[in-house]
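Breakdown of the fold
Listed below are the residues making up each chain.
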Amino acid sequence: RGTFDIVHMPIDFKSGHNRGYAFVNFFTNELFLKGLAELKGLRFATMSSQKVTDVSVAHVQGKRAIEQIQQPRPGSGAPKASQGRGKRK
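I will try to describe carefully the structure that is included in this document. Just so you know, these numbers come straight off a predicted model, no measurement behind them. (Residues numbered from 1 in each chain as written. Predicted model: local features only at pLDDT ≥ 70, side-chain atom pairs only at ≥ 80, totals over all residues. Heavy atoms only, no water.)

So, the layout of surface pockets
If a probe as big as a water molecule is rolled over the atoms, it shows which places are left empty. We count it as follows: Think of a 1 Å grid over just the protein atoms. A cavity is a set of points where a 1.4 Å probe fits yet cannot get out, a pocket is an open set with protein on both sides within 12 Å along at least five of seven lines, and lining residues have an atom within 4 Å of a point. Grid points are joined across faces, edges and corners, and a volume is the space filled by probe spheres set on the points. Elements are defined by DSSP. Helices are runs of H or I of four residues or more, strands are runs of E of two residues or more, and each kind is numbered from the N terminus. In this count, Pro and Cys sit with the nonpolar residues alongside Ala, Val, Leu, Ile, Met, Phe, Trp and Tyr, while Asp, Glu, Lys and Arg are called charged and the others, Gly among them, polar.
In this structure, the largest pocket occupies an estimated 1600 Å³ of space. Ala-22, Val-24, Leu-39, Asp-54 and Val-55 are the residues nearest the centre of the largest pocket, which is lined by 41 residues in total. Those elements that place two or more of their residues in the lining of the largest pocket are strand 1 (4–8), strand 3 (17–18), strand 4 (23–26) and helix 1 (29–39). Here the element with the most residues in the lining of the largest pocket is helix 1; it accounts for 7 residues. Here the residues of the lining of the largest pocket are counted per class, giving 20 nonpolar, 13 polar and 8 charged.

A closer look at helix 1
Quick note on the threshold: Categorising residues by exposure relies on relative accessible area from a 1.4 Å probe, with only protein chains included: less than 20% of the type maximum marks a residue as buried, more than 50% marks it as exposed, and the intermediate range marks it as partly exposed. The directions from the helix axis to the C-beta atoms form the arc being described. For this analysis, residues touch if any pair of their heavy atoms sits within 4.5 Å.
Along helix 1, the positions that sit buried rather than exposed are Leu-31, Phe-32 and Gly-35. The arc that holds the buried residues of helix 1, viewed along the axis, is 100°, so those residues lie on one side. More than 90 degrees from the buried face of helix 1, the exposed residues found are Glu-30 and Ala-37. In this structure, the buried residues of helix 1 make contact with strand 4. In the segment just after helix 1, Gly-41 is the residue with positive phi, at about 85°.

This is the structure in structure tokens:
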């Protein structure tokens, strides 16, 4: 069993860039706290940006709720977000 079951990172299809946030559905509160410790303040070395990550609890909770928000708007031509299994270290 992994750490999370779904990640949704909205994309701005005009610019091709992400919108600067993502939803991750962790299996347990303990796994969320571990993810929080690992992800908060992270800087992506391959990016030229000086921005760092921040982590917070979303108003949207659970895999089904995340699946609902990732449905593309009719006529947008946007693909659905990918689903996968996160791996434990």
